Amino acid sequence: MAEASRWHRGGASKHTLRYRKEVEIRTTLQELLLYFIFLINLCILTFGMVNPHMYYLNKVMSSLFLDTSVPGEERTNFKSIRSITDFWKFMEGPFLEGLYWDSWYNNQKLYNLKNSSRIYYENILLGVPRIRQLKVRNNTCKVYSSFQSLMNECYGKYTSANEDLSDFGLKHDTEWKYSTSNTNSPWHWGFFGVYRKGGYIFTLSKSKSETKNKFIDLRLNSWITRGTRVIFIDFSLYNANVNLFCIIRLVAEFPATGGILTSWQFYSVKLLRYVSYYDYFIASCEITFCIFLFVFTTQEVKKIKEFKSAYFKSIWNWLELLLLLLCFVAVAFNTYCNIQIFLLLGHLLKSTEKYSDFYFLAYWHIYYNNIIAITIFFAWIKNMFLAIINDTYSEVKADYSIGRRPDFELGEMIKKSYTNALEKLKLKKAQTDEDKKTKRRDLAEQARREGFDENEIQRAEKMKTWKERLEKKYYSTEIQDDYQPVTQQEFGELFLYAVELEKELHYINSKLNRVMRKLSTLG
């Protein structure tokens with residue numbers, strides 16, 4: 001009723017309507033600008049944590065430990081391992097040579113080694129590498145009765161229930177005795193199972209010759225058995241030139257079918273986060289991100305309190321909630337990673353004679369990068385532009401359904417705006433009244449040639465004139481008011497226009513009826 005009475009009175013005042021439009025436009029621009037700043041900040045956080053050095057460090061290390069072949073055997077590298085013999089050839093050849101760098105290319109001793117290896121002369125080996133094996137027990141599967149005379153042992157696939165915890169072999173060193181792991185590393189998800197921590201573990205020496213003798217001793221005493229299901233090779237490097245840690249894990253799985261399947265993980269991460277001025281700039285962006293998160297969360301809480309259950313009927317609101325959830329998860333991951341790095345990094349760097357488990361820190365750091373990448377993906381989908389266009393278009397369409405023509409379409413408005421822009425830029429000649437009259441005469445001549453009745457042509461020209469005059473008065477995009485009052489004279493013109501339309505519809509209907517009768521007669 002309020003809308004009807006306002007329409008009857010001629011609508012709101014020009015000043016009020018213009019002020020309302022200015023407020024809406026200003027609010028929309030503010031929201032757009034705020035969200036645009038948020039997106040820029042999020043992009044800086046996402047791409048500021050990675051750099052090309054990570055890719056090149058991974059590429060160099062993977063080439064060294066995966067692609068280097070055994071001398072004289074071009075096909076025997078880590079990727080091509082298929083048997084236990086191939087595995088020991090790799091361990092005593094490419095792996096050993098790639099791990100220990102104690103001299104220059106001219107065989108001169110490296111300076112200031114401090115009892116540590118310098119891979120490619122630039123990457124310090126942190127602590128010592130660790131080798132870990134997991135096995136399954138005998139009789140973890142059942143041999144069919146007809147074959148028991150041929151084979152009385154059966155080693156099933158790896159599960160925590162089938163895992164072998166007993167000592168074996170020489171039984172006097174850690175590599176022959178099962179030991180639980182005191183590290184925080186997560187379980188490893190491999191091709192043939194999910195492998196837990198612990199196992200038959202030993203660490204390598206800082207001496208290349210001692211490590212080689214260790215490998216020979218293990219090979220001769222059959223450290224790898226039929227029950228072996230996986231062997232992990234873990235070690236970490238640090239490159240001070242680019243301030244990156246490279247955490248490497250080589251995995252050889254021994255499925256119950258026989259053979260060996262290899263896999264690997266190379267994680268180049270920046271655990272020392274705040275070193276340069278650029279790092280402190282990234283830290284300021286992280287603080288800004290938290291402020292944005294607080295502001296957006298407050299806005300959504302207010303909306304939920306205001307609209308209650310109706311709030312959850314909009315897909316944009318669900319997307320907003322998903323984005324907020326991802327932001328909170330990213331903040332939680334970042335906080336957890338920084339706390340763990342602060343607590344563990346110093347201790348790990350001091351243990352130069354032991355295995356330094358940086359895999360745990362790299363694992364969570366990579367997960368944080370993945371979460372922030374997913375966050376920015378959904379942030380760009382939401383993008384705010386779509387929401388603003390959707391809301392603005394809905395409001396404009398509602399206004400036109402009340403006070404303007406009902407067949408309003410956004411495409412037509414864009415087309416008119418495009419034409420006006422071309423005319424203002426003088427890329428297209430503006431259409432004058434004379435041009436319109438000429439076009440109208442051409443259309444009338446074409447209609448006469450096609451056999452239309454002269455009365456029909458005159459009625460069409462008259463209705464076209466009325467329509468253009470009414471559109472100029474009520475449908476122009478240059479009108480500043482939402483509603484225009486209708487005088488008695490204008491109402492009369494509208495009424496006559498409606499009468500003429502009705503006559504035209506009646507005339508067309510009668511023509512259609514005649515055509516249908518003729519068609520039925522022919523049938």
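Anything mentioned here points back to the structure above.
Every value quoted in this text rests on a predicted model; they were computed, and no experiment measured them.

S.K.: I'm lost on the overall build of the protein chain in this one. Help?
M.R.: Each helix and strand counted, the protein chain has 13 helices and eight strands in total. Every one of the 523 residues in the protein chain was classed for burial, and the buried ones make up 37%. Partitioning the contacts of the protein chain with sequence separation of at least 6, the portion at a separation of at least 24 is 67%. Accessible surface for the protein chain amounts to roughly 32,300 Å². Of this, 60% is attributable to carbon and sulfur atoms.

S.K.: What should I look at first to understand a nonpolar patch on the surface in this one?
M.R.: Side chains of L34, I287, I291, F294 and V295 sit close together on the surface and give an oily, nonpolar patch of about 470 Å² of accessible area. Broken down by element, the residue count for the nonpolar patch peaks at four residues, all from helix α6 (residues 277-307). Positionally, I291 belongs in helix α6. Residue classification places I291 among the exposed positions, given a relative accessible area of 51%.

S.K.: Sorry if this is basic, but what is going on with the pattern of salt bridges here?
M.R.: Pairing is possible between side chains that carry opposite charge, provided their charged atoms lie close to one another. A complete count under the given rule lists eleven salt bridges for this structure. In this structure, K214 engages E175 in a salt bridge whose closest nitrogen and oxygen atoms are separated by 2.5 Å. With K214 in helix α5 (residues 208-220) and E175 in the loop between β2 (123-135) and β3 (188-189), this residue pair connects regions lying 39 residues apart in the sequence. Taking relative accessible area as the criterion, K214 reaches 24% and is therefore assigned partly exposed.

S.K.: Would you explain the pairing of strand β7 (residues 244-253) in this entry?
M.R.: On a regular strand, each side chain points to the face opposite its neighbour's, so the side chains alternate between the two faces of the sheet. The buried fraction of β7 amounts to ten of the ten residues, a majority that puts the element mostly inside the structure. Residues L244, C246, I248, L250 and A252 point to one face of β7 and F245, I247, R249, V251 and E253 to the other, with burial holding for every one of them. Bridge count between strand β6 (residues 228-239) and β7: ten bridges; the pairing is antiparallel. Following the sheet pairing, L237 is matched in β7 by C246. Turn length for the β6-β7 hairpin, with the two strands adjacent in sequence and antiparallel, is four residues, and the turn residue N243 shows positive phi of about 55°. Across nine bridges, β7 lies against strand β8 (residues 261-269) in antiparallel orientation.

So, how was this worked out
- Residues numbered from 1 in each chain as written.
- Predicted model: local features only at pLDDT ≥ 70, side-chain atom pairs only at ≥ 80, totals over all residues.
- Heavy atoms only, no water.
- Helix = DSSP H or I, 4+ residues; strand = E, 2+ residues; numbered from the N terminus.
- Buried < 20%, exposed > 50% of the residue type's maximum accessible area, 1.4 Å probe, protein only.
- Contact = heavy atoms within 4.5 Å.
- Areas by Shrake-Rupley, 256 points an atom, 1.4 Å probe, with all protein chains shown as cover.
- Patch = residues over 30% accessible without salt bridge, like charges linked within 9 Å, V, L, I, M, F, W, Y side chains within 5 Å.
- Salt bridge = Lys/Arg side-chain N within 4 Å of Asp/Glu carboxyl O.
- Pairing = 2+ DSSP bridges.

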